[in-house]
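Here is what each chain is made of, one letter per residue.
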Amino acid sequence: MELALQVKSVSVHYGGFTALDDISLDLHQHQVLGLVGESGSGKSTLARVIAGLITPDGGEVTLDSLPLPKKRSREQRKQIQMIFQNPDASLNPKHSVRQILSEALLFHRIVDRAQVEKRCKELLAKVHIEESGLDRFPHEFSGGQRQRIAIARALSVEPSLLIADEPTSALDVSVQRSVLELFSKLKAELNLTMLFISHDLGVIHEISDTVAVMRQGRLVELNPKDRFFANPETAYSLELLSAVPRMPKPSTSGGLTT
Amino acid sequence: MPYNAILEVKDLSLATKHDQKLVNRVSFALGRGETLGLVGESGSGKSLTLRAILGLLPRGVEKAGGIIKSDAVSAMVFQDPRGSLDPLCPVVKQLTEVVRFRQQVSKKAARGIALELLEMLGLPDSIKIADRYPSQLSGGQCQRVVIAIALACKPGILLCDEPTTALDVTVQKQIIEKISALQKELGFAMVFVTHNLAVAAATCSKLCVMKNGEIVEQGDTLDVLQNPQNPYTQMLMDSVLPVPELEGSGRIWN
């Protein structure tokens with residue numbers, strides 16, 4: 001399988017604190033890598049290093065086997081896009097959806113100025129938001145819709161890698177479900193390569209092909225999804241899995257099917 | 001009152017000043033030592049119901065009808081532990097203040113009770129020597145302090161408003177186990193608000209499912225979850241993402 005992105009022994013320190021300790025990780029093309037771990041384990045720091053928001057203190061990140069320099073070119077920035085946890089904070093409240101989407105399209109010269117409107121509408125259709133939403137502002141949408149707009153913006157520049165940092169943890173459970181379904185659909189449609197970060201193992205199970213577990217800045221396990229969920233390698237993964245609250249089994253007489 | 005109820009809510013309605021109904025004719029009863037779960041999505045009125053029980057309605061929301069009968073002290077644990085602690089006051093001091101005020105004891109005795117409570121909740125011993133600010137504690141530790149503060153009021157009813165939503169799964173498990181153990185030890189009743197049905201299943205004996213300010217289904221937790229009557233309950237259950245069972249191990253929860 002073709003490699004999309006390689007993280008080679010990356011380390012990050014915040015003052016005396018080691019946030020990432022010699023992390024090496026491969027992302028394959030058209031695969032979803034799920035990254036799990038407790039808060040403070042360095043998941044988000046890793047995402048930020050890959051997106052180029054933090055310069056690592058050691059190691060390097062290569063995209064399509066080319067190392068990404070400290071100062072990335074516009075093209076390199078375009079290749080990796082990120083969706084953040086909180087859509088309220090990642091969308092400019094004073095910009096309409098049209099402005100939010102067209103800014104990225106124009107900056108990266110994806111389409112001509114004349115084509116921008118058409119492309120914006122296509123993007124909104126892709127994330128199931130009505131065209132009339134173009135001239136509305138983020139506060140007029142619900143949390144789930146806002147996250148969809150953030151997804152549309154990330155996809156607008158046709159990135160080769162999409163990083164989703166806890167995209168559903170600020171959402172209600174039923175909305176979470178619909179956003180995850182959108183991710184699965186887009187993944188199949190656009191052949192996305194994705195790094196999906198979550199602390200919710202249910203979410204990871206739903207979306208990932210491979211699972212990586214982080215703890216205190218180290219990578220403790222990297223396995224295919226089925227293997228990880230059925231038979232995790234390390235004691236820590238087992239602890240994580242067994243801490244997930246589970247639903248009671250449906251009774252045999254009940255009308256419930258799961 | 002039906003059986004030995006410690007709290008009875010009857011036809012409770014809450015509305016804004018402009019008569020917009022937020023909670024509509026909600027009724028339930030809670031027995032001594034029981035745990036009642038309120039589940040539903042955000043905006044379904046779970047937290048407002050809880051705040052009405054505590055008598056701490058937000059500005060602009062008023063009780064429009066119904067009665068809340070309770071003969072016990074109630075205390076609340078909030079969702080965001082950092083937000084409910086004073087960031088500029090060390091935690092032992094905060095807890096001591098509550099103990100002193102609620103239990104009417106001397107400063108010195110209050111500190112002793114506070115430290116006892118913290119030990120009961122499993123905070124590190126080092127806190128007895130060097131008091132720490134909330135920002136110097138982890139989220140789970142902060143939540144333990146908040147629970148200690150709630151217990152300092154010697155509540156007959158503990159109201160928990162999504163106490164574990166902001167926490168990691170492993171910490172969530174510890175906190176829930178701690179709360180359950182304390183409940184057995186101290187015998188308080190509990191109203192537990194959550195949107196996670198799996199958490200509700202692990203903690204509550206009775207369950208009320210709320211939607212748009214109304215209770216759409218209520219009953220024993222197992223009955224409701226194994227045989228849901230309302231499509232909304234079924235929808236909530238379906239949205240709990242399954243994690244497959246581990247190979248060669250039994251069920252760990254329940």
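Residues numbered from 1 in each chain as written. Chains lettered and ligands numbered in written order. Predicted model: local features only at pLDDT ≥ 70, side-chain atom pairs only at ≥ 80, totals over all residues.

A. Spatial organisation of the overall build of chain B. Counting its secondary structure elements, chain B contains ten helices and nine strands. Here chain B has a C-alpha radius of gyration of 19 Å; the compact-globule value for 254 residues is 18 Å, and the two agree. The principal-axis extents of the C-alpha atoms in chain B amount to approximately 55 × 55 × 35 Å. Across the 254 residues in chain B, those meeting the buried criterion constitute 44%. Partitioning the intrachain contacts of chain B with sequence separation of at least 6 by distance along the chain shows that 68% fall at a separation of at least 24. (Helix = DSSP H or I, 4+ residues; strand = E, 2+ residues; numbered from the N terminus. Rg over C-alpha atoms; globule rule 2.2 N^0.38 Å. Buried ≥ 20, exposed ≤ 12 C-beta atoms within 10 Å, placed from the backbone. Contact = placed C-beta atoms within 7 Å.)

B. Quick peek at the overall build of chain A. Per the secondary structure count, chain A includes ten helices and ten strands. Taking 258 residues into account, the globule formula puts the C-alpha radius of gyration at 18 Å, and chain A, at 19 Å, falls close to it. Based on the C-alpha atoms only, the size of chain A along its principal axes is roughly 55 × 55 × 35 Å. Here chain A, with 258 residues, has 41% of them falling under the buried criterion. For chain A, contacts bridging at least 24 residues in sequence account for 67% of all contacts bridging at least 6.

C. Helix H1 (residues 43-51) of chain A, seen in detail. Residue and element names in this part refer to chain A. By the criterion of burial, H1 is predominantly enclosed, with seven of the nine residues buried. Among the residues making up H1, those that are buried are Lys-43, Ser-44, Thr-45, Leu-46, Ala-47, Val-49 and Ile-50. Of the residues flanking the end of H1, it is Gly-52, one or two places downstream, whose phi is positive at about 85 degrees.

D. How the structure looks around the sheet that holds strand S6 (residues 157-161) of chain B. Residue and element names in this part refer to chain B. In spatial order, the strands read S5-S6-S7-S3-S8-S9; together these six strands make up an open sheet with mixed pairing. Two strands in the sheet have a free side with no partner beyond their single neighbour: strand S5 (74-77) and strand S9 (214-220). Within this sheet the neighbouring strands show an average axis-to-axis angle of 15 degrees, counted without direction. Pairing of strand S3 (residues 35-39) with strand S7 (residues 189-194), which is carried by five bridges, proceeds in the parallel orientation. (Pairing = 2+ DSSP bridges. Axes fitted to C-alpha atoms, helices over the stretch in contact; angles between N-to-C directions.)

E. Expanded view of unusual backbone geometry. Of note in the backbone geometry, His-30 of chain A takes a positive phi value of approximately 60 degrees without being a glycine. Along the chain, His-30 of chain A turns up in the loop between strand S2 (17-28) and strand S3 (32-36). Owing to 15 C-beta atoms within 10 Å, His-30 of chain A belongs among the partly exposed residues under this scheme. Positioned with a positive phi, Asp-19 of chain B is a non-glycine residue whose angle comes to about 65 degrees.

F. Examining the nonpolar core more closely. The biggest cluster of nonpolar side chains holds 142 residues, and the ones touching the most others in it are Ile-50 and Leu-195 of chain A together with Leu-95, Val-191 and Leu-197 of chain B. If you tally residues by element for this core, the top one is helix H6 (residues 139-152) of chain B, at nine residues. Excluding residues that lie within four positions of it along the chain, Ile-50 of chain A makes contacts with Leu-5, Val-7, Val-61, Ile-80, Ile-163 and Leu-195 of chain A. (Core = buried A, V, L, I, M, F, W, Y, C linked by C-beta atoms within 7 Å.)

G. The arrangement of the interface of chain B and chain A in detail. At the interface, 35 residues of chain B touch 31 residues of chain A. At the level of secondary structure, the elements contributing two or more residues to the side of chain B that touches chain A comprise helix H7 (169-186), helix H8 (197-203), helix H9 (221-226) and helix H10 (231-238) of chain B. Considering every element that reaches the side of chain B that touches chain A, the biggest residue donor is H8 of chain B, with five residues.

H. Helix H4 (residues 97-107) of chain A, seen in detail. Regarding H4 of chain A, the residues found buried are Val-97, Ile-100, Leu-101, Ser-102 and Leu-105 of chain A. For H4 of chain A, the secondary structure elements touched by its buried residues are helix H5 (116-126) and helix H6 (143-156) of chain A.

I. Just the pairing of strand S10 (residues 218-224) of chain A, in detail. Residue and element names in this part refer to chain A. Where strand S9 (residues 210-215) meets S10, six bridges bridge the pair, whose relative direction is antiparallel. Looking across to S10, one finds that Thr-210 is bridged to Pro-224. As consecutive antiparallel partners, S9 and S10 are separated by two residues, and within that stretch Gln-216 has a phi angle of approximately 45 degrees, a positive value.

J. Spatial organisation of the sheet that holds strand S4 (residues 61-70) of chain B. All names here are of chain B. Reading across from one edge, S2-S1-S4 is the order of the three strands in this open sheet, with antiparallel pairing throughout. At either end of the open sheet lies a strand with only one pairing partner, and these are strand S2 (21-31) and S4. The mean angle between the axes of side-by-side strands here comes to 5 degrees, regardless of whether they run parallel or antiparallel.

K. Representation of the environment of Cys-153 of chain B within the structure. Residue and element names in this part refer to chain B. Here Cys-153 is to be found in the loop between H6 and S6. Between the C-alpha atom of Cys-153 and that of Ala-15, which follows or precedes it by 138 residues, the distance is 29 Å. In this structure, Cys-153 is in contact with Val-73, Ala-75, Val-98 and Arg-102, ignoring residues within four places of it in sequence.

L. Structural view of the pairing of strand S8 (residues 206-211) of chain B. Residue and element names in this part refer to chain B. By the criterion of burial, S8 is predominantly enclosed, with five of the six residues buried. Judged from the four bridges that link them, S3 and S8 form a sheet pairing that is parallel. Bridge assignment links Val-39 to a residue of S8, and that residue is Val-209. Between the antiparallel neighbours S8 and S9 lie two residues, among them Asn-212 with a positive phi of about 45 degrees.

M. Focus on the confidence of the model for chain A. On average, residues of chain A carry a pLDDT of 88, and 96% of them reach 70 or more. Low pLDDT (under 50) marks residues 252-258 of chain A, which in the prediction has eight contacts with non-local residues, meaning those over four places away or in another chain. (pLDDT = per-residue confidence, 0-100.)

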